[in-house]
Every structure is written in structure tokens, then in C-alpha cells.
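Overview (structure and organization)
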Amino acid sequence: METATHMLRTGQRGALFQFQMALRDLRNSFQRIGLAWSLAWHDVASRYRGSVLGPFWITLSMGLMVLGIGFLYASLFDLPLNEFLPYVALGIVFFGVMTGTINEGCETFVLASGMLSQTSLPMLTFLWRTVFRNLINLAHHLVIVVAMLTFYGYWQTANLPLALVGVLLMLLNASWLALLAAIASARYRDIPQIVVSVMQFAIFMTPVFWMPSRFGKHQVFLDLNPFYHLLQAVRAPLLGQSVQAHSYVVLVAMALLGWLVTFMIFARTRRRLVHYL
Amino acid sequence: MTAASITCTDLTIRFPVYGADAKSLKKALARAVSVGGALGRHAGVTDVTALEGVNLKLQAGDRLGLIGHNGSGKTTLLRALSGAYEPDDGSIEVNGRIASLLDLGLGIDPSATGYENIRLRCRIAGLSSKQIDARMDEIAEFTGLGPFLSMPVKTYSAGMKGRMAFAAATAVDCDVLLMDEWIAVGDADFQKIAHKRLLKLVERAGILVLATHEAPLLKLYCNKVMKLEGGVASEIVDIRKLDQLLKT
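Scope of this entry: the structure provided in the associated data block. (Residues numbered from 1 in each chain as written. Chains lettered and ligands numbered in written order. Predicted model: local features only at pLDDT ≥ 70, side-chain atom pairs only at ≥ 80, totals over all residues. Heavy atoms only, no water.)

Considering the nonpolar core
Under the convention used in this document: We define the nonpolar core as a collection of buried residues of types Ala, Val, Leu, Ile, Met, Phe, Trp, Tyr and Cys that are connected through side-chain atoms lying within 4.5 Å of one another. A simple rule labels every residue: compare its accessible area, found with a 1.4 Å probe on the protein chains alone, to the largest value its type can have, and call it buried under 20%, exposed over 50%, or partly exposed in between. Only DSSP runs of H or I reaching four residues or more are called helices, and only runs of E reaching two or more are called strands; each is numbered from the N terminus. Working rule for contacts: check all heavy atoms of both residues, and any pair within 4.5 Å makes them a contact.
Within the largest apolar cluster, 91 residues are counted, with the highest numbers of intra-cluster contacts made by Phe 94, Phe 95, Phe 109, Trp 128 and Phe 266 of chain A. In terms of residues, this core owes the most to one element, helix α4 (residues 81–105) of chain A, which gives 13 residues. If we ignore the near neighbours within four places in the chain, the residues touching Phe 109 of chain A are Leu 116, Met 123, Phe 126, Leu 179, Ala 182, Ile 183, Leu 273 and Leu 277 of chain A. Among the nonpolar cores identified, the runner-up in size contains 49 residues, and Val 172, Cys 174, Ile 183 and Leu 198 of chain B belong to it.

Brief notes about helix α5 (residues 129–143) of chain B
Residue and element names in this part refer to chain B. Quick note on the threshold: Multiplying 1.5 Å by the helix residue count minus one yields the expected span of that helix. The bend at a residue is defined as the angle formed between two axes, one fitted to the seven residues ending at that residue and one fitted to the seven starting there.
Taking 1.5 Å as the rise per residue, α5 with 15 residues should run 21 Å; its terminal C-alpha atoms sit 20 Å apart, in good agreement. The sharpest bend along α5 reaches about 50° and sits at Arg 135. All of the buried residues along α5 are Ile 132, Arg 135, Met 136, Ile 139, Ala 140, Phe 142 and Thr 143. The inward-facing, buried residues of α5 contact α4 (114–124), α6 (158–169) and α7 (188–204). At the C-terminal side of α5, Gly 144 shows a positive phi close to 70°.

A word on empty space enclosed by the protein
Selection criterion: Lining residues are defined by having an atom within 4 Å of a point belonging to a cavity or pocket. Those points lie on a 1 Å grid over the protein atoms alone, cavities being sets where a 1.4 Å probe fits but cannot get out and pockets being open sets with protein on both sides within 12 Å along at least five of seven lines. Grid points are joined across faces, edges and corners, and a volume is the space filled by probe spheres set on the points.
Taken as a whole, this structure holds two cavities of 30 Å³ or more when the rule is applied. Approximately 250 Å³ is the volume attributed to the largest cavity. Along the walls of the largest cavity sit 19 residues, with Arg 9, Asp 25, Leu 121 and Arg 270 of chain A together with Glu 86 of chain B positioned nearest its centre. Elements supplying a minimum of two residues to the lining of the largest cavity: α1 (15–31) and α11 (245–276) of chain A.

Some details on the packing of aromatic side chains
Basically, it comes down to this: Only the six-membered ring of Trp is used, alongside the rings of Phe and Tyr, when aromatic pairs are assigned; centres must lie within 6.5 Å, and planes under 30 degrees apart are stacked while those over 60 apart are edge-to-face, with the rest tilted. Put simply, a charge is over a ring when the Lys NZ or the Arg CZ is close to the ring centre, within 6 Å, and near the line of the ring normal, within 35 degrees.
Per the counting criterion, the structure on display carries 16 aromatic pairs over all chains. On the numbers, 5.6 Å between centres and 85° between planes, the contact of Tyr 73 of chain A with Phe 77 of chain A is edge-to-face. Judged by relative accessible area, Phe 77 of chain A falls into the partly exposed class, the value being 30%. One aromatic cluster in this structure is built from Tyr 73, Phe 77, Phe 204 and Phe 209 of chain A. The positively charged end of Arg 197 of chain B is found above the aromatic ring belonging to Phe 142 of chain B, 4.3 Å away from the centroid.

Concerning the interface of chain B and chain A
Condition: Note: buried area is the sum, over both parts, of the accessible area (probe 1.4 Å) each one loses when the two are combined. Whenever a carboxyl oxygen of Asp or Glu lies within 4 Å of a side-chain nitrogen of Lys or Arg, that contact is scored as a salt bridge. In protein, a polar contact requires one atom able to donate a hydrogen and another able to accept it; more generally it is a pair of N or O atoms within 3.5 Å, and residues adjacent in sequence count only if both atoms are side-chain atoms. Put simply, Ala, Val, Leu, Ile, Met, Phe, Trp, Tyr, Cys and Pro go in the nonpolar bin, Asp, Glu, Lys and Arg in the charged bin, and everything else, Gly too, in the polar bin. Pairing between two strands requires that DSSP report at least two bridges joining them.
Across the boundary between the two partners, chain B contributes 47 residues, which contact 43 residues of chain A. Overall, the association of chain B and chain A removes approximately 3,900 Å² of surface from exposure, summing both partners, and the carbon and sulfur fraction of that is 53%. The tally of links from chain B across to chain A stands at three salt bridges. Where chain B touches chain A, the interface holds 12 residue pairs in polar contact (both at pLDDT 80 or more). Those elements that place two or more of their residues in the side of chain B that touches chain A are β1 (5–18), α1 (25–34), α3 (74–82), β4 (89–95), β5 (98–101) and α4 of chain B. With seven residues, β4 of chain B is the largest single contributor of residues to the side of chain B that touches chain A. Across the side of chain B that touches chain A, the residue classes tally to 22 nonpolar, 11 polar and 14 charged. Pairing of strand β1 (residues 6–10) of chain A with β4 of chain B involves five bridges; the strand directions are antiparallel. Across the sheet, His 6 of chain A pairs through a bridge with Asn 95 of chain B, a residue of β4 of chain B.

As for the side chain of Thr 125 of chain A
For Thr 125 of chain A, the location among the structural elements is in helix α6 (residues 124–151). Among all residues touching Thr 125 of chain A, those that are not within four sequence positions of it are Ser 29, Leu 35, Ala 36 and Leu 39 of chain A.

A closer look at the pairing of strand β7 (residues 207–211) of chain B
Residue and element names in this part refer to chain B. Test applied: If you view a crossover with the strands going away from you and the path from the first strand over the helix to the second runs clockwise, you call it right-handed.
Of all five residues in β7, five are buried, a share of seventy percent or more. Neither face of β7 is exposed, since Ile 207, Val 209 and Ala 211 on one face and Leu 208 and Leu 210 on the opposite face are all buried. Here strand β3 (residues 63–67) pairs with β7 via four bridges, running parallel. By the bridge assignment for β7, Gly 65 is matched with Leu 210. One crossover worth recording links strand β6 (residues 176–180) to the parallel β7 by way of α7, and it is right-handed.

Considering a nonpolar patch on the surface
All names here are of chain A. To keep things clear, this is the line we draw: Nonpolar side chains (Val, Leu, Ile, Met, Phe, Trp, Tyr) within 5 Å and like charges within 9 Å form the patches, drawn only from residues with over 30% relative accessible area and no salt bridge. Every accessible area reported is derived by Shrake-Rupley at a probe size of 1.4 Å, with residue values counting cover from the shown protein chains alone.
On the surface, a nonpolar cluster with roughly 570 Å² of combined accessible area is contributed by Leu 53, Phe 56, Trp 57, Leu 60, Leu 64 and Val 143. No other element matches helix α3 (residues 56–76), which puts four residues into the nonpolar patch. On the secondary structure map, Trp 57 appears in helix α3.

What to know about the packing of α6 of chain A against helix α7 (residues 160–187) of chain A
All names here are of chain A. Note the threshold: Think of each axis as a best-fit line through the C-alpha atoms, taken over the contacting stretch in the case of a helix, with angles from 0 to 180 degrees between the N-to-C directions. Roughly parallel means an angle under 35 degrees; roughly antiparallel means over 145; roughly perpendicular covers 65 to 115; every other angle is labelled oblique. Two helices that cross are described as forming a left-handed crossing if the nearer one is turned anticlockwise from the farther one by less than a right angle, and a right-handed crossing if clockwise.
For the pair α6 and α7, interaxial distance at closest approach is 10 Å and the crossing angle is 130°. If you check the angle between α6 and α7, you find them oblique. Judged by the sense of rotation from one axis to the other, the crossing of α6 with α7 is right-handed. Two secondary-structure elements touch here, α6 through Leu 124, Leu 127, Trp 128, Val 131 and Leu 135 and α7 through Leu 171, Ser 175, Ala 178 and Leu 179. Residues that form the contact of α6 with α7 fall into these classes: eight nonpolar, one polar and no charged.

The values are spatial; any link to function lies outside them.
Take a look at the structure:
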């Protein structure tokens, strides 16, 4: 159902027309951004319905994992706890948001098939639903982040504005990856499995649990890992470290190029997406 | 007075049917490698023409009944009018707010309470939170479920679920109402008040498009009728010619 009072759909083709229609979808999804919020809130609320702690299970389970891994690895690698625990906590939290957005991106359109096949809701509304849902999760994890930074005294040196820029860059990049995953998963049902495997591989290849300084002369492989830049842009400012300038170049370029290509794919497949489902 | 209108010109909708096979990436890759080219990539994807060259012109006051056998394209036409399916050829133009009551179960979350489901359904239908707050009492009263609305929907009987979904779905203001079968839910008492509510909605809406198999319903609610056969539409005729149309 559309709140607008005029609807025109034509069989017109052509790249330009498809692009305009995709842009309209984007515009409409922003106009009804409140709907995406409502759906995302509903998702989070219904996932934890009936449990005593409710959404704070998100916080608790994450906290346990952070402490477990933090203490174990700190003693395994013989690292000082006050350096390593906050490092690992921030790594897991922010990498988790990225992974969550991309993995859940796969189901974005598939789960919305009922609504997409009988209403004219903008398709991108459902992408924002996935992104917002993960933002709500992140908000619950922030408790851990703040606790770590306060407890180990990183609060004074933390560069919050720069960290916010990092979060923004991370969201921009994760959302186009999620859209790409959503389109591909609607068409090919193997994609979610592939995405999960890739993200699982990535969490070990990226310095989440280990320090990049341990990488020695293989540093170049770090620079080739986009997830490394994504994570550094958020984590380093919070720990009072500086982010390398070329990380920002990589992230901005990746966001622009990624959105451009993904949006083109969206424009080309948008008309067909509802039939894939 | 609403100036609702629907215009379809040479509306053609084709479904690509992706077989279970075609959804596998492996198969697609194998095809792309071994065959290549446009022909290869289209192998395994069959086009079904669901609607072909449908012309339709409706204005405020028109109540169109759609008849036709199963698979004749009635639901496809309704979905196209709701804006979900885009035409492959031709065009659809709709003036006015559209409400599609194609599936009462749309967006129902069984683990959420009745209130939450009503809220969610109305949000999907395009109502703002404020509008929903303003209408909630009326909707709740209409369901007649009272305190049960604070319970999860999964504890409802089928009839109660129907009442809740019906009340939420019909709480909208619309100029164009699309319906797949006349909705009848709940027990005899509820069906009576539901009938009244639906009639009121139809009266307020400028245009009704109703797909149904039942001739008595058509005669009751519609003033025009169109027959679909294998995706091809007949001309729109007056409801008095329904029997003639049914015979052909």
C-alpha cells in the first residue's frame, strides 16, 4: 500500500529509466524511514520475547565471550590484560555488527517476500530494517565498550568524533555489502552459505583476536584486507591510537565504488526481484 | 469527492519461472561456462505470460468484479494494481490511496501480542504512529477480543486471529480497495458486523476491484464485471450481463 496518491508503473525499459526507478525506491524508503525503524524494533523485541533479560541477552552473551577470549588469549600470547582486553572487546563488538549486517543482509528480501509481493513498499525499506536492527544490537553492546574504556582508563585519550566517522564509514560499507548479498541471495539460494563462510574466514584473517604488530613482514596482507581498514577506523580512535590516512582513502573509495556498482545491480534487478522470491 | 481512477493500457505481465535448479549458483555457473552467451544463460528460465494486453479503465464509483478460472490471472492483476508487480509491457496508472486486502495474514507475527500486530499491520499500511494511537481504541473494540489483545497471537483461535487481522486491515482510509475473495471471518455474529464494516469501507473507497468465483457476491457488490481467461481479459461489461459472460 502506498501513502502517495498517484502510482504509475510502466513496462518501459532502458538503463536510465531503471536507474530513475531505483532512485525513486531509495527516495520513498527514506520518506518512510520510520517504517524501517518500526520493523527493526519489532524484530529485536520479538526475538527476545518471553525471556527474562530480554534484549540484554545480546549484551550478556557478548560480554561473556569478550571476557573469555580476552583472558585466554592474553595469557596464551603473554599480553598485558589492560591492553588486550579492551582491544579484543572492541574488535569483537564492531566486527560483530559488520558481520551481522552482512549475514542478515542475505535474508533481507527473502523474509520480506510476503510484503513485497502484495504491496508497493520500497524494497530498500527492508535493507534499512536490517541495518537498523544491527544498529540496535550495537547500542546494546555499547555498554561493554563503555565499561572497557572506562575501566582501563582509555576514556581520556579516546577520540570520539573520529570514532563516529569510523562507525559511519563502516555502516556505509556494510550496507552496500548487505544489499548485494540480499539481491544475490534472492536469486541464488547458495549465497547465504557462502557469505557466512567468507565472514567466518574474515574474522580470523582480520586482527580481531590478535595484534597486527605480530604480523611482522606480512603487513602488506593487512592492507589488502578491507575488513582490517573497516575495523581500524572505529577501534583505533577509541583506543587513542591514530588511523593511517590510507585507511580512510580505502574506505571512502570502497563505499563510493561499492554503492555505485551495487546500486546499478539493484537498478537492473529491482523489477525482477519480486519474482525471484 | 475522490477522483480515484485506474487505467491499465496493454498491460502484460510475464513471470520468469526459475526452477528449483536455476536457483543454484553451481548450475548457473556451469551453464555460463559450458554454453555461454545469451541463449545459455536463459536456459532453464521459462516465461509464463500471466496477463496479456489487459486494458482497464475505472473511475470513482466503479465496483469491478473479476471472474475467471484458477490461474487465469486474477490475483496477478490485483498484485499489479497494488504496485508489487511491474508490467513487462504497457502501463498501470492508479490515482488514489490503494489498500490491498489480498492476504489478511500479511505481516502477522504469532509471538507478538494482538496490539503489537495491529500496530505493525497499520504501520505497513502506511499509517503513522499517531494515527494508529488515535484509531487503536476503535480497532480494539471492533475485534471484540478485549483483554486477549494483550496476549500473544499464537494463543488465539483461528477465528480470533481472523477478527484481529480483519480489524487491523480494514482500519485504513483508501480510495482504491483491492480484494481477493470477499473477506468473511469469525463466527456468525462477527461476520455480520464485519460485513457492515467492509461495506462502509467500499462505500468510502472510490473503486473496488474484487476477484471471486461466487456469482451471488458479484451481483451484490459489483456493478461491473470482467472475465479473465488465460491472462486475456474480456471487455468490462455491466453486472447485468454476468450470466451471459459466465456462459461464454
